[in-house]
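What follows is the residue order along each chain.
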Amino acid sequence: MKISVSGKLTKVSKKEASFAAGFFSKMLISDKLSDGLSLKLKFSDLDYIGGECGWLDDNVRPKEFEMSINNTFGRRKQLISMAHEMVHIKQYATRELVDNFHLKRQIVWRKTPYNFDDLDYYESPWEIDAYGRELGLYEKYKYFLKITKKNFKETS
């Protein structure tokens, strides 16, 4: 996955942000699929949410994605938010999740359509999937850093 990082990073360096996004990608997406994907990772003040993501090209076979992470949160929460949003990127890239919002206010999850207006955010299956994976991905990342003694001290 080609990753570019921009914005005002406060708790994570550009180097770590890129590394963490790549790590989460490797945990979730096959190398073959990942090689054709690109990610624009941005850090900014998102008010109260941890992050958001979406495709930039099209919803048929999305390959270009943008992820925004809240730079007002602490390092742990930023990394967990990155893991959460990377699950959504995997969902889009593998077509588990298809966003038809612009046409029908509809989201399709594993071939089942959901009307956006009838959804409770925390009950939507793609959010249950992302919330269910985010902490495990973060813990794997922390463990990897520990056993490899990889360290990212500077912020940029």
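The following paragraphs examine the structure supplied in this document. Each chain carries its own residue numbering, running from 1 in the written order of its sequence. Local features in a predicted model are, by the rule used here, given only for residues with pLDDT of at least 70; side-chain atom pairs are given and counted only at 80 or more, and totals for whole chains, interfaces and linings are based on all residues. Side-chain numbers come from the whole structure's heavy atoms, not from hydrogens or water.

Some thoughts on the overall build of the protein chain
Point 1. Counting from the N terminus, the helices are DSSP H or I runs at least four residues long and the strands are E runs at least two residues long. What the protein chain contains, in helices and strands, is 5 helices and 7 strands.
Point 2. Its helices and strands in sequence order give the protein chain the pattern β-α-α-β-β-β-α-β-α-β-β-α, from N to C terminus.
Point 3. Computed over its C-alpha atoms, the radius of gyration of the protein chain comes to 15 Å, within 12% of the 15 Å expected for a compact globule of 156 residues.
Point 4. Dimensions of the protein chain, computed from C-alpha atoms along their principal axes, come out at roughly 45 × 35 × 25 Å.
Point 5. The 156 residues of the protein chain split such that 43% are buried. All radius of gyration figures rest on C-alpha atoms, and the globule criterion is 2.2 Å times the number of residues raised to 0.38. The rule is simple: take the accessible area with a 1.4 Å probe, protein chains only, and divide by the maximum for that residue type; under 20% is buried, over 50% is exposed, in between is partly exposed.

Overview of the packing of aromatic side chains
Point 1. Here is the rule: rings of Phe, Tyr and Trp (six-membered ring for Trp) pair when centre to centre is within 6.5 Å. Planes less than 30 degrees apart are stacked, more than 60 are edge-to-face, and the remainder are tilted. Overall, the coordinates contain 13 aromatic pairs when judged by the stated rule.
Point 2. A ring pair is formed by Phe-19 and Phe-144, whose centres lie 6.0 Å apart and whose planes are at 25 degrees; its orientation type is stacked. Taken as a pair, Phe-19 in helix H1 (residues 14-28) and Phe-144 in helix H5 (residues 125-148) lie far apart in primary sequence, 125 residues in all.
Point 3. Ring geometry for Tyr-121 versus Tyr-131: centroids 6.1 Å apart, planes at 85 degrees, classification edge-to-face. With a gap of 10 residues between them, Tyr-121 in the loop between strand E7 (112-115) and H5 and Tyr-131 in helix H5 connect regions that are remote in the sequence.
Point 4. By relative accessible area, which is 33% here, Tyr-131 ends up partly exposed.
Point 5. Ring pairing ties together the aromatic residues Phe-19, Phe-23, Phe-24, Tyr-141, Phe-144 and Phe-152, which thus form one cluster.
Point 6. Taking the ring centre of Phe-19 as reference, the NZ or CZ of Lys-150 above it sits at 4.9 Å. Sitting over a ring, as applied to charges here, requires NZ of Lys or CZ of Arg to be within 6 Å of the ring centre and within 35 degrees of the ring normal.

Details of the sheet that holds strand E5 (residues 97-100)
Point 1. Any two strands with at least two DSSP-identified bridges between them are counted as paired. Sheet architecture is open: 3 strands sit in the order E5-E6-E7, paired in antiparallel fashion. With partners counted over all chains shown, the strands left at the sheet margins are E5 and E7, one partner each. Strand-to-strand, the axes of this sheet are offset by a mean angle of 20 degrees, without reference to chain direction. Comment: axis = line fitted to C-alpha atoms, over the contacting stretch for helices; angle = value between 0 and 180 degrees taken between N-to-C directions.

Examining unusual backbone geometry
Backbone geometry follows two general trends: most residues other than glycine have a negative phi, and most peptide bonds adopt the trans configuration.
Point 1. For Lys-111, which is not glycine, the phi torsion reads 75 degrees and is therefore positive.
Point 2. Among the residues examined, Lys-111 registers a relative accessible area of 80% and is labelled exposed.
Point 3. If you check the backbone angles, Lys-149 has positive phi at about 55 degrees while not being a glycine.

Description of the sheet that holds strand E4 (residues 64-70)
Point 1. As summarised here, the arrangement of the 4 strands in space is E1-E2-E4-E3, forming an open sheet in which the pairing is mixed. Only two strands of the sheet have a single neighbouring strand rather than two, namely strand E1 (2-7) and strand E3 (51-55). Taken pair by pair, the neighbouring strands of this sheet meet at an average axis angle of 15 degrees, ignoring direction.
Point 2. When strand E2 (residues 38-44) meets E4, the two strands line up parallel, connected through 7 bridges.

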